[in-house]
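# Notes for the structure review
Okay, here's what each chain looks like letter by letter:
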Amino acid sequence: MREKDRFSENFLWGASISAYQAEGAILEDGKTLSIADLSTRDESGMCQNAVSSDFYHHYREDIRLLAEMGAKAFRFSLAWPRIMPGQEGVRNREGIAFYHRMLDELKRYGITPVATLFHYDLPVSVQEAYGGWKDRRTVDAFMSYVRICFEEFGERIPYFLTINEPDILFMYGGHGLDLHGREPWRRERLKINHNFALAHARAVNLCHELLPGAKIGPAFGYVPVYAKSCRPLDRIAAMNISEQQNQFFQELFLNGRYMSHVLDFYAQESEMPEIEESDLELLSSAPSDFIALNYYKSDVAKWCETSEEPQEMQGNAGGRKGTCVYPKVPGFYELCANSYLERTNWDWEIDPAGIRVMLREVYHRYHLPVLITENGVACLEQPEEGSIPDEERIAYLRDHIRACREAVGDGVELLGYCVWSFLDLMSTGHGASKRYGLVYVDYGSKERKRIPKKSYAWYGNVIKCNGNEL
Ligand code: BGP
């Protein structure tokens, strides 16, 4: 293997969780409810995160497992309603102490913390006071919380992520925004996204002002798009959806620039944000230090004639392969299955080459180092005689890590790779049934017993050889 095709010596091999999906303890030690807690406690089959994997009470054991696997990095999120549960600027000492204890454990094992500032858990009090992210006052409240995070943990955390997947929230998720039903979500989402971008830029600038040693960047969910054929209109269709779900957000967050044709497209259904001149100045003067990317799947697009009937995307909620309904947007694109690829039970295409496509597309456009903060596969799992032989996950991770190494050979500056997820936790869309972890969590037992899966040991070996012997 050529030297330049290898992962760097200080490569950040890691694994990820997020607070609302793993911590549980949603009303403990002064924490108040977040909108994620509410939307996941309803009858809809969404996740039950009141206890979840109970990371809040198991963090010592979990970080020990992480260390024994050989992890160099841990990507987690700080929970706003645990740190600043009520009045702006007022700190919750007990919540802050929890994260200090967690950081102490990471330090003990020499594991680098990578912290997301916002992973969907907006305090209900902020939602109620201002109507949530569609109102600029929420950005001010967020900044008050971010300042606390920087003052409390800034010396201890070298990598911060601002907002997790603003793009995926925009495309698919009212649930993360407390906007139930398609209409309100579609109407408000441009305003919400604009405020996310402002919050991101202000957090970047505050980080640079207060913490010269720390690095900060956005975390996108990226879905590369192939054209179904070499028909030129299929290529235009692929560009349309790729710009609408990928580049629109990257240009805004990284360059402070709205792609006006995409903005016009969305403005057909969404109210326009008030874009002040000073907003654009702010957005273009907040340079990220790196780009975090979450990757799961790719898409295929073909042209959709204007005479066609539109079709809403209908995700496969039940985990029954082949039940998703692809969207049709006449005059722009339609998505379809990729006949070259296998799919997961939830109809997500398994596409290792796609992660290489993504890394090249992003790195060679923005020339910033990239950190993979999520990559993994969900399975329906049950222990078999006490162990979980998750061969499917091993195959998925092996092929994706190889593709990352190839991207390094393509010249991409890759800082690290974090598996989603370290532990089984509550899936954003599907609750407890969809398991992603390297470590199994027994939701049936009160003590939430942990069982490392076969992939845990396998990934440990990957880390040992720095990913170079796959
Ligand atoms: C990303 C989120 C994660 C995680 C993952 C898997 O979009 O950042 O929080 O949930 O997707 O998605 P899901 O749980 O819906 O399968």
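Calculation notes
- Residues numbered from 1 in each chain as written.
- Predicted model: local features only at pLDDT ≥ 70, side-chain atom pairs only at ≥ 80, totals over all residues.
- Heavy atoms only, no water.
- Phe/Tyr/Trp six-rings, centres within 6.5 Å; stacked < 30°, edge-to-face > 60°.
- Buried < 20%, exposed > 50% of the residue type's maximum accessible area, 1.4 Å probe, protein only.
- Helix = DSSP H or I, 4+ residues; strand = E, 2+ residues; numbered from the N terminus.
- Patch = residues over 30% accessible without salt bridge, like charges linked within 9 Å, V, L, I, M, F, W, Y side chains within 5 Å.
- Areas by Shrake-Rupley, 256 points an atom, 1.4 Å probe, with all protein chains shown as cover.
- Salt bridge = Lys/Arg side-chain N within 4 Å of Asp/Glu carboxyl O.
- Pairing = 2+ DSSP bridges.
- Axes fitted to C-alpha atoms, helices over the stretch in contact; angles between N-to-C directions.
- Contact = heavy atoms within 4.5 Å.
- Parallel < 35°, antiparallel > 145°, perpendicular 65-115°, else oblique.
- Left-handed = near helix turned anticlockwise from the far one by under 90°.
- Nonpolar A, V, L, I, M, F, W, Y, C, P; charged D, E, K, R; others polar.

The next thing to look at is the packing of aromatic side chains. What describes a pair of aromatic rings is the distance from one ring centre to the other and the angle between the planes of the rings. Enumeration over the complete set of coordinates arrives at 37 aromatic pairs. Summarising the aromatic geometry, the rings of Phe-265 and Tyr-266 are spaced 5.2 Å apart at their centres and angled 70° between planes, so their arrangement reads as edge-to-face. You'll find Phe-265 and Tyr-266 in the same group, each marked buried. Look at Phe-265 and Phe-332: their rings are 4.5 Å apart centre to centre, the planes differ by 65°, and that puts the pair in the edge-to-face class. Of the two residues, Phe-265 is situated in helix α11 (residues 260-267) and Phe-332 in the loop between β9 (328-329) and β10 (333-336); the sequence distance between them amounts to 67 residues. The buried category is assigned to Phe-265, whose relative accessible area is 15%.

Another point: a nonpolar patch on the surface. Together, Leu-233, Ile-236 and Met-239 make up a nonpolar patch on the protein surface, roughly 210 Å² of accessible area in all. Position of Leu-233 relative to the elements: it lies in helix α10 (residues 232-255).

This part takes up the pairing of strand β8 (residues 299-302). Pairing of strand β6 (residues 225-227) with β8, which is carried by three bridges, proceeds in the parallel orientation. Counterpart to Val-225 in the pairing with β8 is Asp-299. Bridge count between β8 and β10: three bridges; the pairing is antiparallel. Considered in β10, the bridge of Ala-301 is made with Leu-335.

Moving on, we come to the sheet that holds strand β3 (residues 112-118). Judged by pairing direction, the barrel is parallel, and its eight strands sit side by side in the order β1-β2-β3-β4-β5-β7-β11-β12 before closing back on the first. The average undirected angle you get between the axes of adjacent strands in this sheet is 25°. Taken together, the three bridges between strand β11 (residues 370-375) and strand β12 (residues 414-420) define a ladder with parallel strand orientation. The residue of β12 that forms the bridge with Ile-372 is Tyr-417. Contacts between α10 and the sheet are confined to β5 (215-221) and β7 (291-295), with β5 contributing the most and set at about 165° to the helix.

At a minimum axis separation of 9 Å, helix α3 (residues 55-69) and helix α5 (residues 93-108) run at an interaxial angle of 10°. Put simply, α3 runs roughly parallel to α5. In the crossing of α3 with α5, the sense of the turn from one axis to the other is right-handed. Each of Phe-55, Tyr-56, Tyr-59, Arg-60, Ile-63 and Leu-66 in α3 lies in contact with α5, whose residues at this interface are Glu-94, Phe-98, Arg-101, Met-102, Glu-105 and Leu-106. For the contact of α3 with α5, the per-class residue count stands at eight nonpolar, no polar and four charged.

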